[in-house]
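If you want the building blocks of each chain, they are given just below.
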Amino acid sequence: MTKYAFVAALAALAWTAPAPAQTTAPADPTTEEFEKFRAVMEDANPAELWEVKGEQLWKTRRGPKNASLEQCDLGLGPGVVKGAYVQLPRYFPDVGKVMDAERRIVHCMVTLQGFSFEEIAKRPFSSGNYTPDPVSIVTFVAAQSRDMKIAVPQSHPKERETWELGKAIFHYRAGPWDFSCATCHGEDGKRIRTQNLPNFTKHDQAPRSFIGWPGYRMTGGVMHSLQWRMNDCFRQQRFPEPGYASDTITALLSYMGVNSNGFVYKGPGIKR
Amino acid sequence: MKTKWIATGVAAAVLAGCAAMKDEAAYRREAAEAVKRDFHARGIATMDRLNQDELQRVCTEYNNNPPPALAKKIEDAQFETIKLPADRKFMGDWKVGARLAASGVGMTWSDKPGAAGGSCYNCHQLSPQQTSFGTMGPSLTGFGKKRGFSTENQQYAYMRIYNSKAFTACSSMPRFGHSGTLTEQQIKDLTAYLMDPNSPVNK
């Protein structure tokens, strides 16, 4: 039977169009309880433990070169941490590339302290009692931008190109399920199960991609950064695995970060 | 005459900037190159997954809104991929279908080969009792009841699950049969979940 014969047969049976489901999450007891819990926890966010740990790691002489990270330039000059996180990703003349916060921290760990990128990239995400050093450090760095406006720069041509590349990757449909980032994060008012999905292509919703990260994740009691979040998105998209601290991740963080400009960052957050 | 030189300099810089600006097609090509360079295979998620097929390429190019003639061409081509059961029986066990609909496993790099679920509740409302449902797709509550419990409607449900893009070219819904995510029997079980009068979906 051709498609048209089939559709005509269906039309003859006069089926009704599906009704739209309600768009906001229903009073889901699990979500409600978590939001109450989050309100209590945000007063004393466990992320603060990693802020302290990260500050220690920043200031302590470590690695083969026995140096601290206090000369690390996060974009505002060597050692300037305050306000740096909300201005990343940005272009760095010393490497001729745009880098995001965690990637830049790892760059400093490699160049200033002599650590190996390959060793760091072998186990870059938290699990159980293990928190990789870059995650603690990025938590500290992010906390130093608390209550500041997101201001990811677009003054250098490479910063603008990186935003464009991020936008193109964001919309790239591939894999066995034909997913792109935009499949879930490119429309208004959608949710997956009871998890609301902000539309990151829009200025008013994109801040949800920035605010709250790095975040203490209740599931597993671990500290996670945006590098982890991007990785796990691609897993659920049924893609192969993105390289840790790669150009693709920087480009996506640039796209979503710039889209979030102007909103106030509240520091490391709490996640479900 | 300093202002004249400044103006010329600015004009030259603007022109150079414009010449350096790429169009969207160039960024799409760069995106394809970037992901191939930056990703690596893991578990069952191999690198060939990043090669776009024609549908993915077109839907990306048109931001999921291709011109009607092109959409129809895509839908016709997708229709041809649908393999109906040889016995032309579309209904399996709705109880198995219910488990498949609730399961979000399958096809990721952390899944074992052969692990399979429909992830239906991720995107759709189904049984009225289940409040943990997504809204990426329309509600399917009362699917069979609303349409009538005919074999034509069973076939329609089967085909939608097998390859939804045969009906909507750039649909967000994965092509569960065509991609090899679900077997014929699993699609029959899900069809029963939608179409069996005894299924909670139709209560």
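Since the model is a prediction, treat every value here as computed from it, not as a measurement.

Cut-offs and rules
- Residues numbered from 1 in each chain as written.
- Chains lettered and ligands numbered in written order.
- Predicted model: local features only at pLDDT ≥ 70, side-chain atom pairs only at ≥ 80, totals over all residues.
- Helix = DSSP H or I, 4+ residues; strand = E, 2+ residues; numbered from the N terminus.
- Buried ≥ 20, exposed ≤ 12 C-beta atoms within 10 Å, placed from the backbone.
- Pairing = 2+ DSSP bridges.
- Axes fitted to C-alpha atoms, helices over the stretch in contact; angles between N-to-C directions.
- Contact = placed C-beta atoms within 7 Å.
- Core = buried A, V, L, I, M, F, W, Y, C linked by C-beta atoms within 7 Å.
- pLDDT = per-residue confidence, 0-100.
- Nonpolar A, V, L, I, M, F, W, Y, C, P; charged D, E, K, R; others polar.
- Domains from an automatic or database assignment.
- Parallel < 35°, antiparallel > 145°, perpendicular 65-115°, else oblique.
- Left-handed = near helix turned anticlockwise from the far one by under 90°.
- Expected span 1.5 Å × (residues − 1).
- Arc of directions from axis to C-beta.

**Quick notes on the overall build of chain A**
Then comes step 1: Along the backbone of chain A there are ten helices and ten strands.
Then comes step 2: Buried residues in chain A amount to 44% of all 272 residues.

**Digging into the overall build of chain B**
Then comes step 1: When you go through chain B residue by residue, the secondary structure sums to nine helices and one strand.
Then comes step 2: In chain B, the succession of helices and strands from N to C terminus is α-α-β-α-α-α-α-α-α-α.
Then comes step 3: Looking at chain B as a whole, 41% of its 203 residues are labelled buried.

**Let's talk about the sheet that holds strand S6 (residues 212-217) of chain A**
Residue and element names in this part refer to chain A.
Then comes step 1: Reading across from one edge, S7-S6-S10 is the order of the three strands in this open sheet, with mixed pairing throughout. The sheet is open, and its two edges are formed by strand S7 (222-224) and strand S10 (268-271), each paired on a single side. Strand-to-strand twist across the sheet, computed as the mean angle between neighbouring axes with direction ignored, equals 30 degrees.
Then comes step 2: Lying on the sheet, helix H6 (residues 133-143) is in contact with S6, S7 and S10; it crosses S6 at an angle near 125 degrees.

**What about the nonpolar core?**
Then comes step 1: Ile105, Val141, Ile169 and Leu252 of chain A together with Ala31 of chain B are the most contacted members of the largest nonpolar core, which has 62 residues in total.
Then comes step 2: Leaving out residues up to four positions away in the same chain, Leu252 of chain A has contacts with Gly166, Ile169, Phe170 and Met230 of chain A.
Then comes step 3: Among the nonpolar cores identified, the runner-up in size contains 29 residues, and Trp94, Leu100, Phe176 and Val201 of chain B belong to it.

**Quick notes on the confidence of the model for chain A**
Then comes step 1: On average, chain A scores 91 in pLDDT, and the residues at 70 or more come to 88%.
Then comes step 2: Residue range residues 14-20 of chain A is modelled with pLDDT below 50. Its contacts to residues more than four positions away, or to other chains, number twelve contacts.

**Observations concerning the interface of chain B and chain A**
When the parts of a complex come together, some accessible area is lost, and that lost area is often used as the size of the interface.
Then comes step 1: Taken together, the contact between chain B and chain A spans 54 residues of the former and 45 residues of the latter.
Then comes step 2: In terms of residue count, helix H2 (residues 24-38) of chain B provides more of the side of chain B that touches chain A than any other element does, seven residues in total.
Then comes step 3: In terms of residue class, the side of chain B that touches chain A is made up of 23 nonpolar, 21 polar and ten charged.
Then comes step 4: Relative to strand S1 (residues 39-40) of chain B, strand S8 (residues 241-242) of chain A runs antiparallel, the two being bridged by two bridges. Among the inter-strand pairings, Pro242 of chain A is bridged to a residue of S1 of chain B, identified as Phe39 of chain B.

**As for the environment of Phe92 of chain A**
Then comes step 1: Mapped onto the fold, Phe92 of chain A is located in strand S1 (residues 90-92).
Then comes step 2: Sequence separation between Phe92 of chain A and Val81 of chain A is eleven residues; the distance between their C-alpha atoms is 15 Å.

**Some remarks on the pairing of S6 of chain A**
All names here are of chain A.
Then comes step 1: Pairing analysis gives four bridges linking S6 to S10, with the strands arranged parallel. Bridge pairing links Gly212 to Pro268 in S10.
Then comes step 2: Sheet topology places S6 next to S7; three bridges connect them, and they run antiparallel. Paired with Tyr216 across the strands is Met223, a residue of S7.

**Some points on the domain arrangement of chain B**
Residue and element names in this part refer to chain B.
Then comes step 1: Along its sequence, chain B is carved into domain 1 (2-71) and domain 2 (94-202).
Then comes step 2: Across the contact, nine residues belong to domain 1 and eight residues belong to domain 2.
Then comes step 3: Looking at side-chain class alone, the side of domain 1 that touches domain 2 contains six nonpolar, two polar and one charged residues.

**Details of the confidence of the model for chain B**
Then comes step 1: This prediction gives chain B a mean pLDDT of 93; 90% of its residues lie at or above 70.
Then comes step 2: Both confidence scores are given for the complex: pTM 0.90, ipTM 0.90.

**With respect to H6 of chain A**
Residues and elements named next belong to chain A.
Then comes step 1: Burial analysis of H6 places eleven of its eleven residues in the buried class, which makes it a mostly covered element.
Then comes step 2: Of all the residues in H6, the buried ones are Asp133, Pro134, Val135, Ser136, Ile137, Val138, Thr139, Phe140, Val141, Ala142 and Ala143.
Then comes step 3: Along its buried surface, H6 packs onto helix H3 (47-59), helix H4 (101-111), helix H5 (117-122), S6, S7 and S10.

**Some thoughts on the packing of helix H8 (residues 151-162) of chain B against helix H9 (residues 184-195) of chain B**
Residue and element names in this part refer to chain B.
Then comes step 1: One way to put it is that H8 packs onto H9 with a least axis distance of 9 Å and a crossing angle of 125 degrees. By the criterion of interaxial angle, the relationship of H8 to H9 is oblique. Two packed elements cross with a definite hand, and for H8 against H9 that hand is right-handed. Contacts from Asn153, Gln154, Ala157, Tyr158, Ile161 and Tyr162 in H8 reach Ile187, Leu190, Thr191, Leu194 and Met195 in H9.
Then comes step 2: The residue inventory of the contact of H8 with H9, partitioned by class, reads eight nonpolar, three polar and no charged.

**Side note on unusual backbone geometry**
Residue and element names in this part refer to chain A.
Then comes step 1: Residue Pro89 follows Leu88 across a cis peptide bond; omega there is 5 degrees.
Then comes step 2: The residue after Trp213, namely Pro214, is reached through a cis peptide bond having omega -10 degrees.
Then comes step 3: With respect to the helices, strands and loops of the structure, Pro214 is situated in strand S6.
Then comes step 4: Here the phi dihedral of Arg238 falls at roughly 70 degrees; this positive angle occurs in a residue that is not glycine.
Then comes step 5: You can call Arg238 buried: it has 23 C-beta atoms within 10 Å.

**Quick look at H2 of chain B**
Then comes step 1: For H2 of chain B, which comprises 15 residues, the first-to-last C-alpha distance of 21 Å matches the rise-based estimate of 21 Å (1.5 Å per residue) to within 8%.
Then comes step 2: Listing the buried residues of H2 of chain B in full gives Tyr27, Arg28, Ala31, Ala34, Val35 and Asp38 of chain B. Buried residues of H2 of chain B, viewed axially, fall in a sector of 120 degrees; they line one side. Along H2 of chain B, exposed side chains directed more than 90 degrees from the buried face belong to Ala25, Ala26, Arg29, Glu33 and Arg37 of chain B.
Then comes step 3: Buried positions along H2 of chain B lie against helix H7 (157-170), S8 and helix H10 (247-259) of chain A together with S1 and helix H3 (54-61) of chain B.

**Thoughts on the environment of Tyr158 of chain B**
Residue and element names in this part refer to chain B.
Then comes step 1: Counting through the fold element by element, Tyr158 comes out in helix H8.
Then comes step 2: For Tyr158, a count of 25 C-beta atoms within 10 Å gives the class buried.
Then comes step 3: Along the backbone, Tyr158 and Thr191 are 33 residues apart, and their C-alpha atoms lie at a distance of 5.6 Å.
Then comes step 4: Excluding anything up to four places from it in sequence, Tyr158 contacts Phe90, Ile187 and Thr191.

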